[in-house]
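Take a look at the letters that make up each chain.
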Amino acid sequence: MEKLDACIRNHDREIEKMCNFHHQGFVDAITELLKVRADAEKLKVQVTDTNRRLQDAGKEVIAQTEEIIRCRVQQRNITTVVEKLQLCLPVLEMYSKLKEQMSVKRYYSALKTMEQLENLYLPRVSQYRFCQIMIENLPKLREEIKEISMSDLKDFLESIRKHSDRIGETAMKQAQQQKTFSTALQKQNNVNYGRNMHLGRNRILESKNEITLKRTFEDEDEHEEEVLTAQDLVDFSPVYRCLHIYSVLGDGEIFENYYRKQRRKQARLVLQPQSSMHETVEGYRRYFSQIVGFFVVEDHILHVTQGLVTRTYTDELWNMALSKIIAVLRTHSSYCNDPDLVLELKNLIVVFADTLQGYGFPVNRLFDLLFEIRDQYNETLLKKWSGLFRDIFEADNYSPIPVANEEEYRIVISKFPFQDPELDKQSFPKKLPMSQSVPQIYMQVKEFIYASLKFSESLHRSSTEIDDMLRKSTNLLLTRTLSSCLQNLIKKPHIGLTELVQIIINTTHLEQACKYLEDFISNITNISQLTVHTARLYGLSTFKDARHAAEGEIYTKLNQKIDEFIQIADYDWTMSESDGRASGYLMDLINFLRSTFQVFTHLPHNNNDHAAMSGKVAQTACMSACQHLSMSLMQMLLDSELKQISMGAIQQFNLDVIQCELFASSEPVPGFQGDTLQLAFIDLRQLLDLFMVWDWSTYLADYGQATSKYLRVNPSTALTLLEK
């Protein structure tokens, strides 16, 4: 503490020394300030006055300066505004342009303008509120454009749905016109309708061909300036516009999927036929036109757009459609019973296939379908011709054709290839061996070939294939339809023996005409019959079968007629002695048989084969009649209801059998050897001889020996008659 106190004392002394040292200077300073005080107050007054006067003098300058400052601020603001407006004006101009483009429906350009606004102009002025409004409006405008373009697309899809049939009709008409000229030439050069055999008809057809060609040229001239395309019938701009819009918006794939989905739906609607389509040609034509129109539009879209539809897509759609089309045509064509309608359907399918083939779509399956429809067409033809044949057979009088003069004769042979040198030497009037149905049937067979040929045209098949088809269809006509009609005709009750004989004559001449039908087909197709694969007509077997059936019916009807005579026999089985003459019913029966067998002399015998055939039919009929008569007489004797027979009745019966034997020995039909025909009555003769001479001892002694006089007498038969 002492040291501290000592230190304090030292510091106090130093402070005192310093104060003493500076005290005089302080006093001097205070004195100086006191002196200056008065001057300071005076100076203050002067400064105040000067300031007052300066302020008064600077008020105007201040006012002018403030005005200058305000003007400079305005000038700077104006410059800033001008700069900003110059920056905003392009944005506003582009937005105005966008609104104008929207109002005139230039949506693709509007999208391009939006893109420029977003990427180039709006970023420069994004700080302004109106820009924010624009930025908020742009997505709405895009959605509006999408909705409008989608609405336009829907209108476009509805438009092409409505116009598909017209588009297809126009496309099919153009394809048909392109093919007409070559088809007409092909008809003129390749289809010679029996040029060598039927010149008259050929000249008519040639004139028809010339008329067809002339009309073809006229039609081409008329339509030359009226060639319409899908673009002429439908405005495709909506689909282009919509595609571009969605592509710009980055939704191209969505648009493609939507378009394809809607077109698939439309394809299903187009492929759905009307229930009554098979009733008229117009129903099929409208159906095909709609389908062609649909795929013409798709083909156009494929070639003018990039990726909206692809070849893979159109091929897939076509394959789906083709399967549906084939199924529909199979179903509806099966209802067609009119060959003319089936032919019209075939022509429509050919035009339909040719049209779509021209657009690059494969159509082989359609032509395969045509071969199925061809079989159906042949069936309808066969049904139609079956009716025609029946009508011809019903109207025939089954008597030889009378010709009074050369002109009538030429008319007949112009319809039917008949040749008979012997008949040619005869003078008029004369009769041709066949009846009126023969040339009519022959002409109808040719008409059938013409009708069948119509379907074979335009099928893109070779002449050999067409020739084969014609021969096969003609064979069906002969072996099935005509054969069936002949068989039914032969079985009809009103057809008598005379008619049956005439039918045999007719079938012989029709059989001979088959070679002319083969020549006729060869002339049409220009295919020689010498070709290895050329089919032959089966008329030979058809008409042979018909003849055999007619012969069998002759035998049956003869036997039935004999039965009718037998039924009217009225024997008095208890008579004491015979009448001395044959029974009346038997004489009538023999006279009937004689007149009947004379009819067989009219059977054709132009050559040895026919003469042999005629003799065989007559001989077989005669032998069958005699055998049936003998059997019927035998059954009459052995009838279980007949209990008693007198010797007078046996004698009367013997007289009748004698007449039968006389008839057999009179050779009613030439060609029998020896007593062949009399052998038909040998059983009766031996039985009656046994009873007439009552030679039972000889019968019993020789029974079982080959040399027995009564070899054909059955013991049970003899015993039965003996009991009676």
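The structure under discussion appears in the preceding block.
The rules we used
- Residues numbered from 1 in each chain as written.
- Predicted model: local features only at pLDDT ≥ 70, side-chain atom pairs only at ≥ 80, totals over all residues.
- Heavy atoms only, no water.
- Core = buried A, V, L, I, M, F, W, Y, C linked by side-chain atoms within 4.5 Å.
- Buried < 20%, exposed > 50% of the residue type's maximum accessible area, 1.4 Å probe, protein only.
- Helix = DSSP H or I, 4+ residues; strand = E, 2+ residues; numbered from the N terminus.
- Contact = heavy atoms within 4.5 Å.
- Patch = residues over 30% accessible without salt bridge, like charges linked within 9 Å, V, L, I, M, F, W, Y side chains within 5 Å.
- Areas by Shrake-Rupley, 256 points an atom, 1.4 Å probe, with all protein chains shown as cover.
- Salt bridge = Lys/Arg side-chain N within 4 Å of Asp/Glu carboxyl O.
- Axes fitted to C-alpha atoms, helices over the stretch in contact; angles between N-to-C directions.
- Left-handed = near helix turned anticlockwise from the far one by under 90°.
- Nonpolar A, V, L, I, M, F, W, Y, C, P; charged D, E, K, R; others polar.
- Phe/Tyr/Trp six-rings, centres within 6.5 Å; stacked < 30°, edge-to-face > 60°.
- Lys NZ or Arg CZ within 6 Å of the ring centre and 35° of its normal.
- Polar contact = N/O pair within 3.5 Å; in protein donor to acceptor, adjacent residues only side chain to side chain.

**Q** Account for the nonpolar core, with residues named and values stated.
**A** Core analysis: the largest hydrophobic core is formed by 195 residues, its most contacted members being Phe-288, Trp-318, Ile-325, Phe-352, Leu-633 and Phe-653. Top element by residues in this core is helix H16 (residues 497-525). It accounts for 14 residues. When neighbours within four sequence positions are excluded, Phe-288 is seen to be in contact with Met-172, Leu-329, Leu-345, Leu-348, Ile-349 and Phe-352.

**Q** Which residues make up a nonpolar patch on the surface, and what values go with them?
**A** On the surface, a cluster of nonpolar side chains totalling about 550 Å² of accessible area is made up of Met-647, Met-692, Val-693, Trp-694, Leu-719 and Leu-722. Position of Leu-722 among the secondary structure elements: in helix H23 (residues 715-723).

**Q** Could you give an account of the pattern of salt bridges, with specific residues and numbers?
**A** A side chain of one charge can pair with a side chain of the opposite charge if their charged atoms are brought near each other. Inspection of every chain in the model, using the stated rule, returns 27 salt bridges. A salt bridge links Arg-480 to Glu-379; its shortest N-O distance comes to 2.6 Å. Within this pair, whereas Arg-480 is found in helix H15 (residues 463-491), its partner Glu-379 is found in helix H11 (residues 364-395), the two being separated by 101 residues in sequence. Taking the shortest distance from any N to any O, the salt bridge between Glu-406 and Arg-410 comes out at 2.6 Å.

**Q** I'd like to hear about the packing of helix H20 (residues 647-665) against helix H21 (residues 682-693), residue by residue, with values.
**A** Two numbers describe how H20 lies on H21: the axes approach to 10 Å, and their chain directions differ by 145°. Relative to H21, H20 is oriented so that their crossing is left-handed. On the side of H20, the interface is formed by Met-647, Ile-650, Gln-651, Phe-653, Asn-654, Val-657, Ile-658 and Glu-661, while H21 contributes Leu-684, Arg-685, Leu-688, Phe-691 and Met-692. Of the residues in the contact of H20 with H21, the class split is 9 nonpolar, 2 polar and 2 charged.

**Q** Which residues make up the packing of aromatic side chains, and what values go with them?
**A** Counted under the stated rule, the structure contains 29 aromatic pairs. Between Phe-236 and Tyr-240 the ring centres are 6.4 Å apart and the planes differ by 20°, which places this aromatic pair in the stacked class. Relative accessible area serves as the criterion here: at 26%, Tyr-240 is assigned to the partly exposed category. Relative to Phe-663, the ring of Phe-597 has its centre 6.4 Å away and its plane inclined at 25°; by these criteria the two rings are stacked. Here the residue Phe-597 occupies a position in helix H18 (residues 584-599), and Phe-663 occupies one in helix H20, the gap between them amounting to 66 residues. No difference in accessibility class separates Phe-597 from Phe-663, as the two residues are buried. An aromatic cluster of at least three residues, connected via ring pairs, comprises Tyr-287, Phe-288, Phe-294, Phe-295, Trp-318, Phe-352 and Phe-361. Geometry around Tyr-409 places Lys-430 over its ring, the cationic atom sitting 4.9 Å from the centre.

**Q** Account for the environment of Met-623, with residues named and values stated.
**A** Summarising the element assignment, Met-623 is placed in helix H19 (residues 608-637). With sequence-adjacent residues up to four places away left out, Met-623 is seen in contact with Phe-672, Thr-676, Leu-677 and Ala-680.

**Q** Which residues make up the side chain of His-300, and what are the values?
**A** Among the structural elements, His-300 can be located in helix H8 (residues 281-304). Of note is the side chain of His-300, whose polar atom sits 2.9 Å from the side chain of Tyr-240.

By themselves these figures say nothing about function.
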